[in-house]
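# Coordinate analysis (summary)
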Amino acid sequence: MSSKTPLLSPPSAEDPARALRRAKRQALGLLLLVTAVFVATSVVERGVWLNGVKAMAEAAMVGALADWFAVVALFRRPLGLPIAHTAVIARNQARIGRNLAAFVRDKFLDVPSLVSLIRKHDPAERLAQWLTAPGNAALLGHQATRLASAALDTVQDAQVERFIQKAARALIGQVDMSRALAAVLDTLTHNGRHQALLDDVLAKLIELLQSEQTRTWVAQSIVAWLKKDHPRTEKLLPSDWLGDKGSALLARALESLMADVAANPQHALRAQFDTAVQRFVERLRSDPEWARKGEEIRTWLQTDATVGGYVQALWLDLRGALQRDLADADSVLARQVGKLGLWMGESLAGDAALRQSFNDRLERWVEGLAPDVSAFIAQHIEETVRGWDTEAMTQLIELNIGKDLQYIRINGTVVGGLVGLVLFAVSHAGEIWRAVVGG
């Protein structure tokens, strides 16, 4: 027996081995029958009719033997004889795997077939229907908790944890902190995105300055400053009144300035803000001092025991919280994933343009990934078939198609007999006519 990967037969409603044996017995029985007829008609006194039966039995026997040889030659060497071009499947196992892999790759996983499949079945519509169907959103949440639990169980292993820690340190070691921060800031400031952030900050500051608590704090700070730095003057002045008025004046001045900046996209302070941000980004990219500071931060993150312990404790707390939530029948994660799935389904169901965009993106994704994925699957098929146990593979194929091949043997016997009878009738037409007329 070969040491290659064993191959199991798929389950079937009928035992394929029993069906194959029955079909073989039928084909063999018919061969033995025509052989017996041939032998019987060869040893008795014959006339034209028995000669015809003998010719028919002889041709049927030849057809049966020829088809028996052809069928057996597919799977093994007939009678164990080293005849050329036999044991076809066993000898061509590697080619079968290669051709099967190419067939699946070129006919099922090619880009046109997959794109056609997407356009035929409208995945976005089907996804929307599934997500909005009763119970499916909850099922999605349940499956998400199962996956999350499996992932947590995996990373809980001590060896996996050590590997993740080493990988994190190695990853940090590859990061240029100053340049990475510069790239992040450059992205955040692209096309003036930081100006929108500035608008939000200004709005919050104006709201803060208008707060009574803020004005009271400013007034109290002014009074405290007078008492500390100018105690004599403070005794002569109405410090509380000055604090209130100063607070209101300062608030109005700042509010006016911030409102002007917020209302005017071309304000000078906005331009100064742009310049400051761009200068900072450039320093992060090219200033050796910032590069040195980034290197110090990176080394600190990699080696500092306090940071490592803090991150470890933070991770353990987070993992524990996740595990407790996932073990809860009313998991927050499951509910949130379910709500997200339902929202996504309703969004897709109610927006034809969104569904079309989803399908278009899926097509582009398939066009980009299908060649690599199909090549990987084809390679897997080829290697799997090549690694199968040759004898087991041959037996499996014979179990699945051998029954039909036995009927080819039966048909060959019948057709051979009919051909023999026709040829005998043509070649002995005169004798048959005389026997009919004379009879």
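Before any of the text, the structure's been laid out above.
These lines cover the structure that appears in this document, whether it is placed above or below. (Residues numbered from 1 in each chain as written. Predicted model: local features only at pLDDT ≥ 70, side-chain atom pairs only at ≥ 80, totals over all residues. Heavy atoms only, no water.)

Let's shift gears to the overall build of the protein. Scanning the protein for helices and strands turns up 20 helices and zero strands. Relative to its 439 residues, the protein shows a buried fraction of 26%. Here the contacts in the protein between residues at least 6 apart in sequence split such that 74% fall between residues at least 24 apart. (Helix = DSSP H or I, 4+ residues; strand = E, 2+ residues; numbered from the N terminus. Buried < 20%, exposed > 50% of the residue type's maximum accessible area, 1.4 Å probe, protein only. Contact = heavy atoms within 4.5 Å.)

According to the stated counting rule, one finds one aromatic pair in the structure shown. On the basis of an interplanar angle of 75° and a centroid distance of 5.5 Å, the ring pair of phenylalanine 103 and phenylalanine 108 is categorised as edge-to-face. (Phe/Tyr/Trp six-rings, centres within 6.5 Å; stacked < 30°, edge-to-face > 60°.)

Let us look at unusual backbone geometry. The backbone phi angle of alanine 87 is positive, close to 50°, even though this residue is not glycine. By secondary structure assignment, the location of alanine 87 is in the loop between α2 (48-75) and α3 (88-91). Of note, aspartate 122 is a non-glycine position whose phi angle comes to about 50°, a positive value.

Val71, Phe75, Ile89, Ala101, Val104, Ala378, Ile381, Val385, Met393 and Leu405 together form the largest nonpolar core, which totals 10 residues. By size, the runner-up hydrophobic cluster in this structure holds seven residues, among which are Leu31, Val34, Met61 and Ala64. (Core = buried A, V, L, I, M, F, W, Y, C linked by side-chain atoms within 4.5 Å.)

Here we come to the packing of helix α6 (residues 123-132) against helix α18 (residues 352-387). For the pair α6 and α18, the least separation of the axes is 8 Å and the interaxial angle reads 120°. As the angle between them shows, α6 and α18 are arranged oblique. Across from Pro123, Ala124, Glu125 and Leu127 in α6, the residues of α18 making contact are Arg355, Phe358, Asn359 and Leu362. Residue composition of the contact of α6 with α18, grouped by class: five nonpolar, one polar and two charged. (Axes fitted to C-alpha atoms, helices over the stretch in contact; angles between N-to-C directions. Parallel < 35°, antiparallel > 145°, perpendicular 65-115°, else oblique. Nonpolar A, V, L, I, M, F, W, Y, C, P; charged D, E, K, R; others polar.)

Counting through the fold element by element, alanine 182 comes out in helix α9 (residues 177-188). Put simply, alanine 182 and leucine 284 are 102 residues apart on the chain and 5.5 Å apart in space, counted from C-alpha to C-alpha. Non-local contacts of alanine 182, meaning those with residues more than four positions away in its chain, are made with Val281, Leu284 and Arg285.

Take a nonpolar patch on the surface next. Taken together, the side chains of Val39, Val43, Val44, Leu50, Val53, Met56 and Leu421 define a hydrophobic patch exposed on the protein surface, amounting to about 520 Å² of accessible area. Counting residues per element, the ones that place at least two in the nonpolar patch are α1 (16-43) and α2. Here the nonpolar patch takes three residues from α2, the largest share from any one element. With respect to the helices, strands and loops of the structure, valine 39 is situated in helix α1. With a relative accessible area of 45%, valine 39 lands in the partly exposed category. (Patch = residues over 30% accessible without salt bridge, like charges linked within 9 Å, V, L, I, M, F, W, Y side chains within 5 Å. Areas by Shrake-Rupley, 256 points an atom, 1.4 Å probe, with all protein chains shown as cover. Salt bridge = Lys/Arg side-chain N within 4 Å of Asp/Glu carboxyl O.)

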